[in-house]
Amino acid sequence: MRYWLMKTEPTTFSIDDLAASPKQTTMWDGVRNYQARNFMRDDMQIGDTILFYHSVVDPGITGLAEVVSKSYPDPTQWNVNDEHYDPKSSKDNPRWFLVDVKLIRKFKTPLPLSLLREQKALASMELLRKGSRLSVQPVTKKEYDAIVTLENKV
């Protein structure tokens, strides 16, 4: 099993939106960064755990989700009416991939970015590196365990 952090702007899609989705499951669509896409396409496996992170507004980890599908082409890349439309992508040679994610649980109290920065166990976490903007990023087991422990203390 691997661990991941996936960022979303809560005004676009929040953990509450995931909780309200049918079967608390949704496609993680619209990723348009090649490195993030590669993580979803090549590395994520069914059963991997996700730290659900709200960015921009009150940034912090708001809960846990899991990967529930193998990667497959993101259909938004072919929808001319979608903001994620990519005219250079074709169904024969898709550029963008996604996975389906399912809510495990929403944290009782979000873990704000400021609190995460105070944790020595998270000092090397990709999220906390200056200039880190990647929307899908790996998390080590040590980092994941520190976050789950922190959740129980807040």
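Refer to the structure printed above.
Residues numbered from 1 in each chain as written. Predicted model: local features only at pLDDT ≥ 70, side-chain atom pairs only at ≥ 80, totals over all residues. Heavy atoms only, no water.

## Notes on helix α2 (residues 34–43)
Thinking step 1. Looking only at α2, the buried set comprises A36, R37, F39 and M40. Taken end-on, α2 shows its buried residues confined to a sector of 155 degrees, consistent with a single buried face.
Thinking step 2. Residues of α2 that are buried in the fold lie against β1 (3–8), β6 (97–98) and β8 (136–139).
Thinking step 3. Sitting at the head of α2, N33 places a side-chain oxygen 2.9 Å from the backbone nitrogen of Q35. (Buried < 20%, exposed > 50% of the residue type's maximum accessible area, 1.4 Å probe, protein only. Helix = DSSP H or I, 4+ residues; strand = E, 2+ residues; numbered from the N terminus. Arc of directions from axis to C-beta. Contact = heavy atoms within 4.5 Å. Polar contact = N/O pair within 3.5 Å; in protein donor to acceptor, adjacent residues only side chain to side chain.)

## Regarding the nonpolar core
Thinking step 1. Among the nonpolar cores identified, the biggest contains 20 residues, and L51, I61, L116 and M125 are the most heavily contacted of them.
Thinking step 2. Counting only elements with at least two residues in this core, the list comes to β1, β3 (49–54), β4 (60–67), β7 (100–112), α3 (113–117) and α4 (141–153).
Thinking step 3. Here this core takes four residues from α4, the largest share from any one element.
Thinking step 4. Setting aside residues up to four positions removed in sequence, L116 forms contacts with I61, L111, L122, L127, L128, I147 and L150.
Thinking step 5. Grouped together as the second largest cluster of nonpolar side chains are 19 residues, W28, F52, L103 and V136 included. (Core = buried A, V, L, I, M, F, W, Y, C linked by side-chain atoms within 4.5 Å.)

Distances and angles like these do not, on their own, reveal function.
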